[in-house]
Amino acid sequence: MRSLTPPPYLTALAKTPTPARGRLTLRTLRAALTAAVILLAPAAGARAASVFYIRGGGDGHGIGMSQYGAEGYALRGVDYRSILAHYFQGTALAATSPQRIVRVLLGAGPAPFSGATVAAGMRLQPSSTYEVTAAAGGKLRLRNTTGKTLGTVSAPLTVSGSGPLQVDGHGSYRGSLQFSPDGSGGVQTVNVVGLDDYARGVVAEEMPASWAAAALEAQAVATRTYAITTSVHAGGYDLYDDSRSQVYGGVGAETAATDAAVAATSGQIVTYDGTPAVTYFFTSSGGYTESIQNAWPGATPEPWLRGVPDPYDGAAGDPYHSWGAQMSLAAASAKLRGLVKGSLIGIQVVRHGVSPRIIAATVVGTQGQTSVSGVQLQSVFGLDSTLAAFTTITTLDPRSRLTGTIFPAPGHGSVAVQTFSGGRWRTVAHAGVSAAGRYSATAPAGRSRIVDGSLNGPVVTVP
């Protein structure tokens, strides 16, 4: 396989000027930010216009297999074995029984069912609908649609049929249904199903069935492995039927393409050093996956869950590969309420993971700084991932020159000066940017702005 490198977009994000990893002490970092506050705070009486930018990429936690990245590999002819080996470093494939049982919680409360032929030794009509309710002493009562009690039995009550079972309000499921008291006077419904049949109900819910076969096959193996290596540790079931575990739709989610992917990889799982390995997956990496301990602080590092380049993540029409937002500095400050000391200047990322995802950052205000995590910033701004960079461009009310600041200061040291004429923006000059982020440039009279790469500063009128 050829050498893999991050795309230019991510390289640029990774090089966003921040304290170099391991070279700046906390003391020197604080001193640098304090100096920035002094230099970047507008002079008394000066009016300033500011724009706050967020640039980022990816969707999800970033651990393990990027689904869009897997599709990108598959479209280039890479098979599912190689896809899995890339995202789960040092792993191998092994086999387990396709009939291995998993227990999936479908819900709690009333759940009439049909399609069953047997329940606790009682014969049932598959065309009839039945319901299980709680009875005294932790037992369960089986009733038909007329309300007649067919029997009162000890929990759990297992019902099975010759084909899929239908659960009102949920769908159709292979395997059997198991009913137990839910601890609050109701009944929980659990689907007891073989591993491959479970995977058939997951793959198309977690990945578009129209995607390349190799991507679907990689998803099938990851789905199967995740199911047997994780548990919600609840009484009577191992997995949820939603994104708390994996989205499971039963028979209604099955398609010809995803069934074929499950069949082609039947029983296959991912292992590390001979033991099944947890196979996390997510939507989009933005170009680089992340090590588990960086994405989830406190998590134990795992050798197969290390961040790796994801060069084809944006090559399959991925709408999440790169994204951005802009707002006024006042709007950003409002979102950061409680974290800003004084007036907001901007956000400085101080530590990345192995990818450009944010581990730690500082909210810089005119009266001090506040330390935050990438997860906090993701929550505050509603971002799809923690792979993000923040830039504030401020321009002071101009007199004869265009002056202002960029925070954090760009590493390239210059910006373009543009004026609006003839119905479009034209670059008329370039201006240097100091190490502290200050710029100053002569601009002709009229509407002007500075441009830092793809980011436009606020529009001001030069008299």
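See the structure shown above.
Residues numbered from 1 in each chain as written. Predicted model: local features only at pLDDT ≥ 70, side-chain atom pairs only at ≥ 80, totals over all residues. Heavy atoms only, no water.

1. Considering the sheet that holds strand 24 (residues 388-396)
- Pairing is antiparallel across the open sheet formed by five strands, whose spatial order is 20-1-24-25-28. Single-partner strands in this sheet number two, and they are strand 20 (323-327) and strand 28 (438-442). When strand polarity is set aside, the average angle formed by the axes of neighbouring strands in this sheet is 20°.
- Note that strand 1 (residues 48-56) and strand 24 share nine bridges and pair antiparallel. In the strand pairing of strand 24, Ile 54 is matched with Phe 390. (Pairing = 2+ DSSP bridges. Helix = DSSP H or I, 4+ residues; strand = E, 2+ residues; numbered from the N terminus. Axes fitted to C-alpha atoms, helices over the stretch in contact; angles between N-to-C directions.)

2. Notes on the packing of helix 3 (residues 67-75) against helix 4 (residues 80-87)
- Look at helix 3 against helix 4: their axes get within 10 Å of each other, and the N-to-C directions meet at 140°. Classified by the angle their axes make, helix 3 and helix 4 are oblique. When you trace helix 3 past helix 4, the crossing you get is right-handed. Mapping the contact onto sequence places Gly 69, Ala 70, Tyr 73 and Ala 74 in helix 3 and Ile 83, His 86 and Tyr 87 in helix 4.
- Of the residues belonging to the contact of helix 3 with helix 4, the class tally is five nonpolar, two polar and no charged. (Parallel < 35°, antiparallel > 145°, perpendicular 65-115°, else oblique. Left-handed = near helix turned anticlockwise from the far one by under 90°. Contact = heavy atoms within 4.5 Å. Nonpolar A, V, L, I, M, F, W, Y, C, P; charged D, E, K, R; others polar.)

3. Points about the sheet that holds strand 23 (residues 368-373)
- Judged by pairing direction, the sheet is antiparallel, and its three strands sit side by side in the order 21-22-23 without closing on themselves. Each edge of the open sheet carries a strand with a single partner, namely strand 21 (344-352) and strand 23. Each strand of the sheet is rotated relative to its neighbour by a mean of 25°, with strand direction disregarded.
- Pairing of strand 21 with strand 22 (residues 358-365), which is carried by seven bridges, proceeds in the antiparallel orientation. Each bridged residue has a counterpart across the sheet, and for Leu 344 the counterpart in strand 22 is Gly 365.
- In the packing of helix 11 (residues 374-381) onto the sheet, contacts are made with strand 21, strand 22 and strand 23, and the angle to strand 23 comes to roughly 95°.

4. Some points on the nonpolar core
- In this structure, Met 65, Ile 83, Leu 84, Tyr 87, Phe 88, Tyr 280 and Leu 305 are the most contacted members of the largest nonpolar core, which totals 38 residues.
- Those elements that place two or more of their residues in this core are helix 3, helix 4, helix 7 (213-229), helix 8 (256-264) and helix 9 (292-295).
- Tallying contributions element by element places helix 7 first for this core, with eight residues.
- In contact with Phe 88, not counting residues within four places along its chain, are Gly 64, Met 65, Val 270, Val 278, Thr 279, Tyr 280, Trp 304 and Leu 305.
- Judged by nonpolar contacts, the second largest core, of 31 residues, contains Val 102, Val 132, Leu 177 and Val 187. (Core = buried A, V, L, I, M, F, W, Y, C linked by side-chain atoms within 4.5 Å. Buried < 20%, exposed > 50% of the residue type's maximum accessible area, 1.4 Å probe, protein only.)

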